[in-house]
Amino acid sequence: AAAQLARHWVEDALAEGDPRFVGYAQAALAPWWSEPSPPPAVRVQRAVVQQYGHHFAEALADLSAATSAEPENAEAWAWQAAIHMVRADYGAARSACEGLAPLTSLLTATACEAYVDSLTGSAAQAASELGDALGLADKDTSAAERVWALTRLAEIEERRGEFVAAETAFREALALNVA
């Protein structure tokens, strides 16, 4: 229950841009905050809170322990990829994307790997593959997942200097009206 509450507060922090919600998430995890081996769900949420404070090593340790205990924990793999990207550890980010791939949709897996590829010399191919994956995404793909993938595509296109394509992807994401 505490992990679910922490996730709720983190989602509010992302939606509102208000860091106080991250503090609320940490408070929800207080009984386990200093525990060396809390349950995997708590480890993942603790890692999310830690990365907000740029405590990346601690966050990665928790996420690694979570994926060791629960290799099917897609959220832990996704956060590992994100943190490794922030740290410019592209090999580790790719490995995390590969851990995520069998646990998620083709669109999310492709977006994760394309984001890494776009920063490691394969931006044109990454944009093409992500565009293809967006075209193949079925009608059951959530709007939130499409927004995330479109935003990654837009960022890749912007870095490539393809500003019209970037604007198109950003506008498609905005049109989905996800808060």
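Our subject is the structure that appears above.
Keep in mind it's a predicted model, so treat the numbers as computed, not measured. (Residues numbered from 1 in each chain as written. Predicted model: local features only at pLDDT ≥ 70, side-chain atom pairs only at ≥ 80, totals over all residues. Heavy atoms only, no water.)

K.L.:
Outline the overall build of the protein chain, supporting the account with residue identities and numerical values.
P.N.:
The secondary structure content of the protein chain amounts to 10 helices and 0 strands. Helices (α) and strands (β) of the protein chain occur, in sequence order from the N terminus, as α-α-α-α-α-α-α-α-α-α. In summary, the protein chain has a C-alpha radius of gyration of 17 Å against a globular reference of 16 Å for 179 residues, a match within 12%. Judged by the C-alpha coordinates and their principal axes, the protein chain covers about 50 × 30 × 30 Å. By the burial criterion, 41% of the 179 residues in the protein chain qualify as buried. The long-range fraction of contacts in the protein chain, counting pairs at least 24 apart against all pairs at least 6 apart in sequence, stands at 44%. Separation between the mean location of the 12 positive side-chain charges and that of the 25 negative ones in the protein chain comes to 2 Å. (Helix = DSSP H or I, 4+ residues; strand = E, 2+ residues; numbered from the N terminus. Rg over C-alpha atoms; globule rule 2.2 N^0.38 Å. Buried < 20%, exposed > 50% of the residue type's maximum accessible area, 1.4 Å probe, protein only. Contact = heavy atoms within 4.5 Å. Lys, Arg positive; Asp, Glu negative; His and termini not counted. Charge placed at Lys NZ, Arg CZ, Asp CG, Glu CD.)

K.L.:
Tell me what's going on with the nonpolar core, and back it up with residues and numbers.
P.N.:
Membership of the largest hydrophobic core comes to 16 residues, with the highest contact counts inside it found for Leu107, Leu130, Leu134, Ala149, Leu153 and Ile156. Counting residues per element, the ones that place at least two in this core are α7 (106-118), α8 (123-136), α9 (143-160) and α10 (163-175). One finds Ala13, Val22, Ala25 and Ala28 within the second-largest nonpolar core, a separate group that totals 12 residues. (Core = buried A, V, L, I, M, F, W, Y, C linked by side-chain atoms within 4.5 Å.)

K.L.:
Tell me about the packing of helix α1 (residues 2-16) against helix α3 (residues 40-52), and please be specific about residues and values.
P.N.:
Each pair of packed helices can be described by the angle between their axes along with the distance between the axes. Interhelical geometry of α1 versus α3 gives an angle of 30 degrees and a closest axis separation of 9 Å. Considering their axes alone, α1 and α3 lie roughly parallel with respect to each other. Crossing angle aside, the handedness with which α1 passes α3 is left-handed. The segment α1 lies against α3, with Ala3, Ala6, Arg7, Val10, Ala13 and Leu14 engaging Ala41, Val42, Gln45, Val48, Val49 and Tyr52. Within the contact of α1 with α3, the residues separate by chemical class into 10 nonpolar, 1 polar and 1 charged. (Axes fitted to C-alpha atoms, helices over the stretch in contact; angles between N-to-C directions. Parallel < 35°, antiparallel > 145°, perpendicular 65-115°, else oblique. Left-handed = near helix turned anticlockwise from the far one by under 90°. Nonpolar A, V, L, I, M, F, W, Y, C, P; charged D, E, K, R; others polar.)

K.L.:
Outline helix α2 (residues 20-28), listing residues and values.
P.N.:
Because an α-helix completes one turn every 3.6 residues, residues spaced three or four positions apart along the sequence face the same direction. Every buried residue belonging to α2 is among Phe21, Val22, Ala25 and Ala28, and all of these are buried. Each buried residue of α2 lies within a common arc of 115 degrees when the element is viewed along its axis, so the set occupies one face. Within α2, the exposed residues directed more than 90 degrees away from the buried face are Arg20 and Ala27. In this structure, the buried side of α2 is in contact with α1 and α3. (Arc of directions from axis to C-beta.)

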